[in-house]
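So you can see what is in the structure, the chains are spelled out below.
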Amino acid sequence: MAVRASKKLLAQVFDWSAISSKIPASSAARVELNALRTKHEQLRAKNMQFPEEPKAIDFSYYRNRISAPGFVDQMEKAYKDLAAKVPYPPDNYSDTITAREKEADEHFASIVREARLVTKELEASIKFFEDMGPFEHMSVGVSVSLFFFLATFSL
């Protein structure tokens with residue numbers, strides 16, 4: 001079960017070049033990102049060498065090789081009984097993790113919405129200042145009214 005969960009986690013594909021393009025090249029964060037990428041690749045390679053399910057034991061092979069009558073049948077029965085009785089810990093965390101992922105997605109979506117609104121407001125401000133014209137060409141009345149407007153204008 002743990003192998004399956006770790007395979008699912010490590011199967012996620014990251015666009016490392018897109019992530020690193022958002023970090024300045026001279027930044028210490030770039031070094032940390034490269035270390036994280038290396039560690040991720042090492043863990044992924046190590047994890048992929050294990051099968052999701054263990055190989056089934058071929059008891060017929062052992063029946064042909066071992067001459068003691070009934071020994072392999074006893075071992076097979078004991079193995080199946082043991083496999084049925086092994087208590088696997090309950091999965092108490094998947095639902096919590098999924099819920100927290102959903103909360104984080106909603107939180108980040110709200111941050112993106114707010115950032116887009118702020119971006120639109122700032123673009124409108126930039127357009128206003130670009131369309132304003134140079135101060136040298138303004139009359140005193142226009143510049144006074146403009147500064148009164150800017151005093152009430154919130155960024």
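Residues numbered from 1 in each chain as written. Predicted model: local features only at pLDDT ≥ 70, side-chain atom pairs only at ≥ 80, totals over all residues. Heavy atoms only, no water.

It is not clear to me how a negative patch on the surface should be interpreted in this structure. Could you clarify?
Together, E101, E103, D105 and E106 make up a region of like negative charge exposed at the surface. One can find E101 in helix α6 (residues 94-132). (Patch = residues over 30% accessible without salt bridge, like charges linked within 9 Å, V, L, I, M, F, W, Y side chains within 5 Å. Areas by Shrake-Rupley, 256 points an atom, 1.4 Å probe, with all protein chains shown as cover. Salt bridge = Lys/Arg side-chain N within 4 Å of Asp/Glu carboxyl O. Lys, Arg positive; Asp, Glu negative; His and termini not counted. Charge placed at Lys NZ, Arg CZ, Asp CG, Glu CD. Helix = DSSP H or I, 4+ residues; strand = E, 2+ residues; numbered from the N terminus.)

Mind showing me how you'd approach the packing of aromatic side chains here?
Each pair of aromatic rings is reported with the distance of its centres and the angle of its planes. Evaluation of the coordinates by the stated rule reveals 2 aromatic pairs. The interplanar angle of 55 degrees and the centroid separation of 6.0 Å between the aromatic rings of F59 and Y79 together place this pair among those described as tilted. One end of the pair, F59, is in helix α4 (residues 59-65); the other, Y79, is in helix α5 (residues 71-85), with 20 residues separating them in the sequence. Overall, the relative accessible area of 39% leaves Y79 in the partly exposed class. Pairing Y61 with Y62 gives two aromatic rings, centres 5.3 Å apart and planes at 80 degrees, and the pair type is edge-to-face. (Phe/Tyr/Trp six-rings, centres within 6.5 Å; stacked < 30°, edge-to-face > 60°. Buried < 20%, exposed > 50% of the residue type's maximum accessible area, 1.4 Å probe, protein only.)

What should I look at first to understand the confidence of the model for the protein chain in this one?
Do not read the fine detail of predicted coordinates wherever pLDDT is low. When pLDDT is averaged along the protein chain, the result is 82; 88% of the residues meet or exceed 70. Per-residue pLDDT, averaged within each element of the protein chain, yields its smallest value for helix α1 (residues 2-10) (60) and its largest for α6 (91). (pLDDT = per-residue confidence, 0-100.)

Is there a simple way to explain α6 in this structure?
Think of an α-helix as turning once every 3.6 residues; residues three or four places apart then point the same way. Taking 1.5 Å of rise per residue, 39 residues should cover 57 Å, and α6 covers 56 Å from first to last C-alpha, within 8% of that figure. Where α6 ends, the next residue or the one after it, G133, has phi of about 95 degrees, a positive value. (Expected span 1.5 Å × (residues − 1).)

Mind showing me how you'd approach the side chain of E76 here?
Within the secondary structure layout, E76 lies in helix α5. A residue is classified by how much of its surface remains accessible, and E76, at 17% relative accessible area, is buried. Those residues within four positions of E76 in sequence are excluded, and the remaining contacts are F59 and R63. (Contact = heavy atoms within 4.5 Å.)

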